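Overview (structure and organization)
Okay, here's what each chain looks like letter by letter:
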Amino acid sequence: MKLPTFLPRTIFPTLESLPRSYYLGHHAAGLSKMRTMLSQIDLIIECRDYRIPLTSRNPLFEESLAGRERVVVYTKRDLGGGGEDVSKRHATIRAWHHPTPTIFSSHRSQKDIRQILSHIKDASTARNALTGSHLMVVGMPNVGKSSLLNALRREGVNKGKVAHTGAQPGITRKIGTGVKIVEADETGSGGVYLLDTPGVFMPYVPDAEAMLKLALCGSVKDTVVPPFNLADYLLFHVNLHDPSLYGEYCPPTNDAMELLEAMARKTGRLQRGGTPVLEATALWMIQRWRNGHLGTFLLDDVSEEAIERYTSGKNSQNSSLSQARKAGKEAARIRQRARRSGTTAE
Ligand SMILES: Nc1nc2c(ncn2[C@@H]2O[C@H](COP(=O)(O)OP(=O)(O)OP(=O)(O)O)[C@@H](O)[C@H]2O)c(=O)[nH]1
């Protein structure tokens, strides 16, 4: 008997009830500190997540840290997969950012890290800085800033890890001191120092799907978006990519609960009585994808048309940005009033 052909979903339903903001106190404080330090900075390394090149762009970094030389580094390239269209994809992204240089990197690839170092050294030489160059790495939470700093230091001056890294966002909370990533020459000039900064989320996420992408990539804490919604959205993408990726658990399905139940049974995530523990299984499934074990692919569509759509939507994003700022200030005022009167507002 011929099995029916599996048809993956082509549209994911809009989840209007999802939170659209994750702009925390230490994000605002970090950004304001970065702004005050800007005059001492020669080059900004702006990190974005390779799996979501459009969605992980935070307009705040261009708006608040304008006027400094910049390089865009797409981190976690290894999690975006290969394929024939990689060169075309990279060319499209480079053209979008032109004339800002763009580098695609994985923190474990010596070749990628050397390419970034080489760019940094060239920029520093061109500046002819006698007192050394001072760089700052910025980006959304969990995008891989501290991992990049450690990798540049290891490759540049052969020294061990200095910055803490972790699978959840918000590991770096404060701006530290500059870390040497390139030695000065015999004359004492040419040294390069890099500042790590806390990840800063955008004040307002333009749509619910963007929030799902950011949460899936680990930019917000796993408690912010319900794991079932994330697992369902991940399944939607895995199905568009290759449903055989979860073939060891169950046949192709568009039902996330069916897959989670099968995964829970196969991996022994069961309560007493044999009931599958679905939420823990959803988190496990998401973590497997984040580690590259459930397919490596992009969540954003990267084409000239998609970039055009994204860029033409920027204006509405900017107005949402000012609305979000007003809402943020109002929330801070309410919290302050509640603290003064001895009650909490959260
Ligand atoms: N596969 C892969 N994982 C990476 C890469 N870069 C970072 N990671 C992982 O991503 C997670 C977050 O990395 P961090 O360096 O802590 O990210 P961060 O941007 O400093 O995070 P915040 O403290 O929130 O600002 C860690 O689990 C890293 O191991 C990469 O290029 N490839």
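This structure is a prediction, so every number in the text was calculated from the model and none was measured.

1. Here we look at the site of the ligand
Surrounding the ligand, one finds 20 residues, the nearest of these being Asp78, Lys145, Ser147, Gly170 and Thr172. Between the ligand and valine 143 there is a distance of 3.2 Å, counted from an oxygen atom to a backbone nitrogen or oxygen. Separating an oxygen atom of the ligand from a backbone N or O atom of glycine 170 is a distance of 2.7 Å. The fraction of the free accessible surface of the ligand (660 Å²) that becomes covered by protein chains is 89%.

2. Considerations on the nonpolar core
Among the nonpolar cores identified, the biggest contains 41 residues, and Phe201, Leu216, Tyr246, Leu259, Met285 and Trp289 are the most heavily contacted of them. Secondary structure elements with two or more residues in this core: α6 (208-216), α7 (227-241), α8 (256-267) and α9 (278-290). In this structure, Val73, Ile116, Ala151 and Ile181 belong to the second largest nonpolar core, which totals 23 residues.

3. Details of the packing of α7 against α9
Direction vectors running N to C along α7 and α9 enclose 45°, while the axes themselves pass 9 Å from each other. Classed by the angle they form, the pair α7 and α9 counts as oblique. In the packing of α7 onto α9, the handedness of the crossing is left-handed. Residue-level contacts link Pro227, Phe228, Leu230, Ala231, Leu234 and Leu235 of α7 to Leu278, Glu279, Ala282, Leu283, Met285, Ile286 and Trp289 of α9.

4. So, the UniProt feature "binding site: GTP" (unreviewed entry) in the chain
Under the present numbering, the feature "binding site: GTP" (unreviewed entry) in UniProt falls on Asn142, Val143, Gly144, Lys145, Ser146, Ser147 and Gly199. These annotated residues cover 58 residues of sequence, and their C-alpha atoms all fall within 12.5 Å of one another, placing them together at a single site. Cross-referencing the annotated residues with the lining of the largest cavity gives Asn142 and Val143. Tracing the backbone shows asparagine 142 in the loop between β4 (133-139) and α5 (145-157). Look at asparagine 142 and you get buried, because its relative accessible area is 15%.

5. Examining the packing of α6 against α7
For the pair α6 and α7, the least separation of the axes is 10 Å and the interaxial angle reads 95°. Between α6 and α7, the crossing angle belongs to the class labelled roughly perpendicular. From α6, Glu209, Leu212, Lys213, Ala215 and Leu216 reach across to α7, where they touch Asn229, Leu230, Tyr233 and Leu234. Taken together, the residues that form the contact of α6 with α7 break down as 6 nonpolar, 1 polar and 2 charged.

6. Brief notes about the packing of aromatic side chains
Scanning the model with the defined rule gives 9 aromatic pairs in all. When the centroid spacing of 6.1 Å and the interplanar angle of 90° are considered together, the rings of tyrosine 249 and tryptophan 284 count as edge-to-face. With tyrosine 249 in the loop between α7 and α8 and tryptophan 284 in helix α9, the pair connects residues that are 35 residues apart, well separated along the chain. We classify tyrosine 249 as buried; its relative accessible area is 14%. Residue classification places tryptophan 284 among the buried positions, given a relative accessible area of 19%. For the pair tryptophan 289 and phenylalanine 297, a centre-to-centre distance of 5.8 Å together with 45° between the ring planes defines the contact as tilted. Feature note: the residues Phe12, Tyr233 and Phe236 constitute an aromatic cluster, connected by ring pairs.

7. Things to note about α6
Given 3.6 residues per helical turn, the α-helix brings residues three or four places apart onto the same face. Most of α6 is tucked away: 8 of the 9 residues are buried. If you follow the buried residues of α6, they end up packed against α7 and α9. Structurally, the start of α6 carries an N-cap: the backbone nitrogen of glutamate 209 is 3.1 Å from a side-chain oxygen of aspartate 207. A positive backbone phi angle near 90° is found at glycine 218, which sits one or two residues after α6.

8. Brief notes about the environment of arginine 173
Tracing the backbone shows arginine 173 in the loop between α5 and β5 (179-182). Assessed through its relative accessible area of 43%, arginine 173 is described here as partly exposed. Here arginine 173 is in contact with His26, Pro198 and Lys221, once residues within four sequence places are set aside. A distance of 3.3 Å separates a polar atom in the side chain of arginine 173 from a polar atom in the side chain of histidine 26.

9. Re the pattern of salt bridges
Counted under the stated rule, the structure contains 16 salt bridges. Among the ionic pairs, arginine 48 bridges to glutamate 46, the shortest N-O distance being 3.0 Å. A single burial state applies to arginine 48 and to glutamate 46, both of which are buried. Shared partners join several salt bridges into a network, and the residues in it are Glu46, Arg48, Arg57, Glu62 and Arg70.

Parameters at a glance
Within each chain, residues carry numbers counting from 1 in the order of the written sequence. Local features in this predicted model are restricted to residues whose pLDDT is 70 or higher, and side-chain atom pairs enter the listing and the counts only when it is 80 or higher, whereas totals over whole chains, interfaces and linings include all residues. The basis for every side-chain value is the complete set of heavy atoms in the structure, and neither hydrogens nor water enter the calculation. When at least one non-hydrogen atom of a residue lies within 4 Å of a molecule or strand, that residue is treated as near it. Counted as a polar contact is a pair of N or O atoms within 3.5 Å, where, for protein atoms, one must be capable of donating a hydrogen and the other of accepting one, and residues adjacent in sequence contribute only when both atoms are in side chains. Computed by Shrake-Rupley with a 1.4 Å probe, the accessible areas treat only the displayed protein chains as cover when residues are assessed. Residues enter a nonpolar core if they are buried and are Ala, Val, Leu, Ile, Met, Phe, Trp, Tyr or Cys, with the set joined through side-chain atoms within 4.5 Å. With a 1.4 Å probe rolled over the protein chains alone, any residue whose accessible area is under 20% of its type maximum counts as buried; one over 50% counts as exposed, and the rest are partly exposed. Secondary structure elements follow DSSP: runs of H or I of four or more residues count as helices, runs of E of two or more count as strands, with numbering from the N terminus. Helix axes are fitted to C-alpha atoms over the stretch in contact, other axes to C-alpha atoms as well, and angles between N-to-C directions run from 0 to 180 degrees. Here roughly perpendicular refers to angles of 65 to 115 degrees, roughly parallel to angles under 35, roughly antiparallel to angles over 145, and oblique to all remaining angles. Note: crossing handedness is left-handed where the near helix turns anticlockwise from the far helix by less than a right angle, and right-handed where it turns clockwise. In what follows, residue pairs with any heavy atoms lying within 4.5 Å of each other are defined as contacts. UniProt positions are given in the numbering used here, feature names are shortened, and annotations may be inferred rather than shown by experiment. Residues are said to line a cavity or pocket when one of their atoms sits within 4 Å of a point; the points come from a 1 Å grid over protein atoms alone, cavities being sets where a 1.4 Å probe fits but cannot get out and pockets being open sets with protein on both sides within 12 Å along at least five of seven lines. For this classification, the nonpolar set comprises Ala, Val, Leu, Ile, Met, Phe, Trp, Tyr, Cys and Pro, the charged set comprises Asp, Glu, Lys and Arg, and every other residue, Gly included, is treated as polar. Stacked, tilted and edge-to-face are the three classes assigned to paired rings of Phe, Tyr and Trp, where Trp is represented by its six-membered ring and a pair needs centres within 6.5 Å; plane angles under 30 degrees give stacked, over 60 edge-to-face, the rest tilted. Here, a salt bridge means any side-chain nitrogen of Lys or Arg that lies within 4 Å of a carboxyl oxygen of Asp or Glu.

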